[in-house]
2 protein chains.
Amino acid sequence: MKKKLSLSAASPRAKAEHGTSLLTAFREIRELIVHGRLSPGTWILEAELAERLNMSRTPVRGAIHWLQREGYILEHRNVKKSRMIVAPLTKEDANELYIIIGRLEGIAGRGVAVLPVAERKELCAQLQELNDRLQVISKDRDAPPGEIFENDRSFHRLIIKYGAGARMTTLHKAIEPQTERYWRLYASSIIKDLYLSVAEHDEVIRGILAGDPDRVETGLQVNWLKGSERLGHVIEIFGERGSW
Amino acid sequence: MKKKLSLSAASPRAKAEHGTSLLTAFREIRELIVHGRLSPGTWILEAELAERLNMSRTPVRGAIHWLQREGYILEHRNVKKSRMIVAPLTKEDANELYIIIGRLEGIAGRGVAVLPVAERKELCAQLQELNDRLQVISKDRDAPPGEIFENDRSFHRLIIKYGAGARMTTLHKAIEPQTERYWRLYASSIIKDLYLSVAEHDEVIRGILAGDPDRVETGLQVNWLKGSERLGHVIEIFGERGSW
DNA sequence: TCGTTTTAGAATGTATTCAAAATAGTCGAC
DNA sequence: GTCGACTATTTTGAATACATTCTAAAACGA
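So, how was this worked out
- Residues numbered from 1 in each chain as written.
- Chains lettered and ligands numbered in written order.
- Predicted model: local features only at pLDDT ≥ 70, side-chain atom pairs only at ≥ 80, totals over all residues.
- Heavy atoms only, no water.
- Phe/Tyr/Trp six-rings, centres within 6.5 Å; stacked < 30°, edge-to-face > 60°.
- Helix = DSSP H or I, 4+ residues; strand = E, 2+ residues; numbered from the N terminus.
- Contact = heavy atoms within 4.5 Å.
- Buried area = accessible area lost by both parts, 1.4 Å probe.
- Salt bridge = Lys/Arg side-chain N within 4 Å of Asp/Glu carboxyl O.
- Polar contact = N/O pair within 3.5 Å; in protein donor to acceptor, adjacent residues only side chain to side chain.
- Nonpolar A, V, L, I, M, F, W, Y, C, P; charged D, E, K, R; others polar.
- Least-squares fit on C-alpha atoms with pLDDT ≥ 70 in both.
- Near = heavy atom within 4 Å.
- Buried < 20%, exposed > 50% of the residue type's maximum accessible area, 1.4 Å probe, protein only.

Caption draft 1: Quick peek at the packing of aromatic side chains. Residue and element names in this part refer to chain B. One pass over the structure, following the stated rule, counts eight aromatic pairs over all chains. Between F26 and W66, the ring centres sit 3.9 Å apart and the planes meet at 20°, which makes this aromatic pair stacked. With F26 in helix α2 (residues 21–34) and W66 in helix α4 (residues 57–69), the pair connects residues that are 40 residues apart, well separated along the chain. Between Y186 and F238 the ring centres are 6.4 Å apart and the planes differ by 20°, which places this aromatic pair in the stacked class.

In C-alpha cells, the structure reads:
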C-alpha cells in the first residue's frame, strides 16, 4: 500500500542544520494537531510522521513523547507496547484545562499586583493597548480570528512575563498553547462573546492598578472560568470532536 | 580516563524484559536525583548514566527529556547544543512549586466538595484515618521520615483521586513528586512543625464534610502556602543546595 | 459456516553507528 | 608572558539497523 522504497529514492533528506530536528518535529506535529490536520482520536504512526517531516524516527519519537507530556497526545498502553492517539477534544477536558490555566495565571496575577508602581503602570499601559484593540475587533464582524486569538494570548502572556517565576513560566508555556485547539475549532462562535472577555480583562487591569492581588487573581480566574462556560455552550451545540 | 572498551567486555546487558527500559531509566534517574545521589547543579552525561543503568543511550536520552519536562532537570542551552543539569533547589523555586500545587489541589478540592454525601463521607473517613496517623507520628520524636512523607502524600493523593479529572491527575502526578526533593533534604527540620499541617488537614476535612468548595479550596491552598513558608525558613537556615 | 490456531507483516522499543558542534588544551606569534 | 587561533577530544543529535511483540489475516479443522 505504502511504498517503502520511496523514502530512500525520493527524499534526499534536506538536513536542516543539525540539532534542530527535535524542535522542528515538535513544532510541526503540534501544528498538525492544532490545525486539525491530525484529527482528534487519530492513531499516530512514527514512521509515517518521520516520512512526512523528512527525518528519521528518532527525533519524531522524542517529539511525540514531548507532546504526550504536554497533553496533545494520549497513550493507549497495553502491557508493553504503547499506541499513541491524538487527544480528543471534549467539553470536560476543555473545562478542566481552562480552570487550570485560570488558577495558574491567577498566581502570576498576584505577582504583578505587588510590583512597584512604575512597573505596574508600564504593564497596564501595554495591557490596555491590547485590550483596546480587542474592543475594536469585537465590533468588527469580519475580523480575522487569528488576530483575535493572538491578541488575547498576548494579554495573558504579558501577565505571565511580569508576574511569574521560572517554574510557572515553563508550566504556562506548556499548557496554555493547548487552548488554541479549542479556540480554532470553535473560533467563529466564540467571537460574538468577545466583548465579555474584554470587560473581564478590564477588571484585571483595574485590579493591577489598584495593587490588589486578590482582585487580580480572582479577575483572571473568572476570565478563564467564563471562557470555559462560553466554550462549553459552543461544544454542546456543535458536538464534540474526537470521539470517533 | 574512562575505559570505553569495558562496556562491550564487562556488561552482558541484562536485558530486563524489553519495552521497559525507558520507564526504568526514568524511575532510576529520578530516584538518583531525589535522593541527592545526583547533586543539584551537576552536569548530566548521557553515556555515564547509560553505563550506570546498563542500557544504551537511547532510553536514557528519552528519560532525560522527560525529566526535563517535569522540572527535575534544567537545560543550559547555548545556541544549538544543550547541556543538562540537575535542577538546583532554591527557596524561590520551592515557594513557586508549593503555591502551584496548592492551587492545583484546590481545584480538586472543589471537586470533592460537590460529590454526593455518601462518597464524601467515605473519603473523609479515609482522610481522617491518615491524618490521625500523622497526628500520632507528630508526637513521636523517632518517627521514620519516610512514613511521614508517604502518609502526607497519601492524604493529598486521595483528594486528587476523588476530585480531579484526567488532565489534572496527569499534571499532579508530574508535579507533586518534586516536593520529595525538598522534603528529603530538610526532612528532620520539618517534622517538628508537623502538628501544624495536621491542623490544616483537619480544616480541609471539615470543609469537605460541610460540602463547601471554597472552604476546601482555601484550606488546601493554605496548607501548601504554610508548608512553603515552613520550608522557606529551613532553607534559609541551612542555605540552599545546588548553587555549586 | 464458524471458530481456533498459526504464521506473516507491521509497528514500537532498543542498540549501534555516524555526524556535527562545543569545549578545552596546546602551540605559536606578538 | 599573554592573547589568539587552531586542533583534538568529548558529548550531544540524528540515522540506521536490529529485536520483540502485537495484530490481523489466512488456513485448517470441526
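Read on, since the account is not over.
Caption draft 2: Representation of the interface of chain B and chain A within the structure. With 29 residues of chain B at the contact, the number on the chain A side is 28 residues. Taking both partners together, chain B and chain A bury about 2,400 Å²; carbon and sulfur atoms supply 52% of that area. Remark: the boundary between chain B and chain A carries five salt bridges. R69(B) is paired through a salt bridge with E70(A); the nearest N and O atoms lie 2.6 Å apart. Across the contact surface, chain B and chain A share 13 residue pairs in polar contact (both at pLDDT 80 or more). Breaking the side of chain B that touches chain A down by element, the ones donating at least two residues are α4, α5 (91–113) and α8 (166–175) of chain B. When residues of the side of chain B that touches chain A are assigned to their parent elements, the largest contribution, nine residues, is made by α5(B). Grouping the constituent residues of the side of chain B that touches chain A by class yields 13 nonpolar, six polar and ten charged.

Caption draft 3: Spatial organisation of the relation of the copies chain B and chain A. Between the two copies, chain B and chain A, the superposition gives an RMSD of 0.1 Å; the rotation angle is 180° and the shift along the axis is 0.0 Å. One copy is carried onto the other by what is essentially a two-fold rotation axis. A share of 97% of interface residues in chain B that are also interface residues in chain A marks the association as one of identical surfaces.

Caption draft 4: Highlighting the protein's contact with DNA strand D. Near DNA strand D you find 23 residues, and of these S21(A), S56(A), T58(A), R57(B) and R61(B) are the closest. What you see for DNA strand D is that sugar and phosphate hold 72% of its atoms within 4 Å of the protein. Interatomic distance of 2.7 Å between a side-chain N/O atom of S56(A) and a phosphate oxygen of DNA strand D. Within the contact set of DNA strand D, a phosphate oxygen lies 3.0 Å away from a backbone nitrogen or oxygen of I44(B). Those elements giving two or more residues to the surface near DNA strand D turn out to be α2 (21–34) and α4 (57–70) of chain A together with α4 of chain B. Taken together, the residues of the surface near DNA strand D break down into five nonpolar, nine polar and nine charged.

Caption draft 5: A look at the environment of N131(B). Residues and elements named next belong to chain B. Along the chain, N131 falls in helix α6 (residues 117–138). Since its relative accessible area comes to 2%, N131 is described here as buried. Here the alpha-carbon distance between N131 and E28, two residues 103 residues apart in the chain, equals 30 Å. A distance of 3.1 Å separates a polar side-chain atom of N131 from the backbone oxygen of V198.

Caption draft 6: A look at the side chain of Q221(A). Take Q221(A): it is sitting in helix α11 (residues 213–238). Setting aside residues up to four positions removed in sequence, Q221(A) forms contacts with G102(A) and R103(A).

Caption draft 7: Layout of the pattern of salt bridges. The full count for this structure, using the stated rule, is 33 salt bridges over all chains. The partner of D93(B) in a salt bridge is R167(A), with the nearest N and O atoms 2.7 Å apart. Taken together, the residues span two chains, with D93(B) in helix α5 and R167(A) in helix α8 (residues 166–175). According to the relative accessible area criterion, R167(A) is buried, its value standing at 17%. Residue R206(A) is joined to E203(A) by a salt bridge in which the shortest nitrogen-to-oxygen separation is 3.7 Å. Of the two residues, R206(A) and E203(A) both sit in helix α10 (residues 194–210), three residues apart, roughly one turn of that helix. Residue classification places R206(A) among the partly exposed residues on the basis of a relative accessible area of 44%. Here the salt bridges do not stand alone but share partners, grouping E150(A), R153(A), R157(A), E176(A), E180(A) and R184(A) into one network.

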